[in-house]
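These are the residues of each chain, in order.
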Amino acid sequence: KSLATATIYSGFSMGTISAYLASPVILDSFGWRNLFFIYGAVGSLWLVPWLSLATDTPEEAERKRLSLPVDNVKQVVDEESGKDANSIQAIWRATTEEGAKIINEAPLKEMLKSNGVRAMAIAHAASNWGLYNNLAWSPTFYSEQYGLNVKESALFSILPSIAGATCGILSALVADKFIAEGADLTLIRRIFQGIGLLGPATCLLTLAHDIPEAPIAAQLLLTGSVGFQAFNAAGFGAASQEKAGDRWAGLLYSLTSLPGVAFGSIGVYITGRILDSTGQWDLVFGLNGIVNVIAAAYFITFYESKKEFD
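Residues numbered from 1 in each chain as written. Predicted model: local features only at pLDDT ≥ 70, side-chain atom pairs only at ≥ 80, totals over all residues. Heavy atoms only, no water.

## With respect to the environment of Leu185
As for its placement among the helices and strands, Leu185 is situated in helix α11 (residues 185–209). It is 9.3 Å that separates the C-alpha atoms of Leu185 and Glu242, two residues lying 57 residues apart in sequence. Beyond its immediate stretch of four places on either side in the chain, Leu185 contacts Ile179, Glu242 and Ser305. (Helix = DSSP H or I, 4+ residues; strand = E, 2+ residues; numbered from the N terminus. Contact = heavy atoms within 4.5 Å.)

## Topic: the pattern of salt bridges
Following the criterion strictly, the structure yields 4 salt bridges and no others. Close ionic contact of Glu181 with Lys177 constitutes a salt bridge, the shortest N to O distance being 2.8 Å. When the shortest N-O distance is used, the salt bridge between Glu304 and Arg190 registers 3.1 Å. In this pair, Glu304 sits in the segment after α15 (281–302) while Arg190 sits in helix α11, placing the two residues 114 residues apart along the sequence. (Salt bridge = Lys/Arg side-chain N within 4 Å of Asp/Glu carboxyl O.)

## Concerning the side chain of Asn292
Looking at the element boundaries, Asn292 is found in helix α15. On the accessibility criterion, Asn292 (3% relative accessible area) is buried. Each residue touching Asn292, except ones within four places of it in the same chain, is listed here: Ala126, Leu197, Pro200, Ala201 and Leu204. (Buried < 20%, exposed > 50% of the residue type's maximum accessible area, 1.4 Å probe, protein only.)

## Examining the nonpolar core
Of all hydrophobic cores here, the largest spans 20 residues; its most connected members are Met120, Leu197, Trp248, Leu252, Phe299, Tyr303 and Phe309. Counting only elements with at least two residues in this core, the list comes to α8 (115–146), α13 (236–243) and α15. For this core, the leading source of residues is α8, giving 6 residues. When residues no more than four places from it in sequence are discounted, the contact partners of Met120 are Phe236, Ala239, Ser240, Lys243, Leu252, Thr256, Phe299 and Tyr303. With 15 residues, the next largest nonpolar core counts Phe141, Tyr146, Ala208 and Leu222 among its residues. (Core = buried A, V, L, I, M, F, W, Y, C linked by side-chain atoms within 4.5 Å.)

## A few points about the packing of aromatic side chains
Tallied over the full model, the rule gives 12 aromatic pairs. Ring geometry for Trp129 versus Phe263: centroids 4.8 Å apart, planes at 45 degrees, classification tilted. With Trp129 in helix α8 and Phe263 in helix α14 (residues 249–277), this residue pair connects regions lying 134 residues apart in the sequence. Accessibility expressed as a relative area gives 5% for Trp129, which makes it buried. Classification of Phe263 by relative accessible area gives partly exposed; the value is 30%. Here Tyr298 and Phe302 contribute two aromatic rings whose centre-to-centre distance is 4.5 Å and whose plane-to-plane angle is 40 degrees, an arrangement assigned as tilted. Linking Tyr298 with Phe302, this pair stays in helix α15, spanning 4 residues, or about one helical turn. (Phe/Tyr/Trp six-rings, centres within 6.5 Å; stacked < 30°, edge-to-face > 60°.)

## Thoughts on the confidence of the model for the protein
Averaged over every residue, the pLDDT of the protein is 84; residues scoring 70 or more account for 89%. Here residues 72–82 is a poorly scored stretch, pLDDT under 50, and it has 18 contacts once near neighbours within four places are set aside; other chains count. (pLDDT = per-residue confidence, 0-100.)

## Points about a nonpolar patch on the surface
Residues Leu198, Leu205, Ile290, Val293, Ile294 and Ile300 make up a contiguous nonpolar surface patch of about 480 Å² in total accessible area. Contributions of two or more residues to the nonpolar patch are made by α11 and α15. Broken down by element, the residue count for the nonpolar patch peaks at 4 residues, all from α15. Within the fold, Ile300 resides in helix α15. (Patch = residues over 30% accessible without salt bridge, like charges linked within 9 Å, V, L, I, M, F, W, Y side chains within 5 Å. Areas by Shrake-Rupley, 256 points an atom, 1.4 Å probe, with all protein chains shown as cover.)

Written out as structure tokens, the structure is:
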């Protein structure tokens, strides 16, 4: 489970690396407005393989590979309505009806009352605070602190993403090996999530205490922060599959993602306000480190891997 999660997360890092490499060239050639159009078009193109290949379960994927009938929404529409199963209206109706049924039957109240779910949500939120700030502000940090131009700042931001993809997969392999050998699941999740929060906190608080004079030293600390953060794949990243059965794992992950996305977005805004008011990057890194420490303490204290929702 950890490795599967880390592999998916590594795609995010690879996309970030590609964007950092391509963006300076696109900006120089086409301007900043066209940068958004180009990335939007690329994102739309990714829908083609997704819609063609994605399935709800591994069993459906195997049946599709063998060109066997797949028990999906289109077939349900065809059987129940007797109309064209490929029409957009039919697919939309069946999808919304199924979605409403799932929400009505979901154990949402139990999820919201669970200490384990709250621990996952808090860890996810703290992780996103660091992730979103890293993506949004790292080039600005290199530019303002060390006078690097856009291209140089982007290149300095690549190494952390490489570390994130690599460390995520390696940490997942180690976690899965311990679990396969009979290690306590709760202990493994607490340890790896602790590393995924306290590791970045150490790097960021070091930066807050004394921002290095050389940009390469700052880059190494930020690389360490992102590398340690990737241990999340063996922490809250895999936890939803263990806390809930196949039916509710996706919903549980979404439920913990909602506050994570909101908190990460607020973090980007607060960072901007801090920089506008004080111009001090040490405050930015210090606040980020404190957020991670608080989240780590909660997760390590309250998270349990036992299945609650099946």
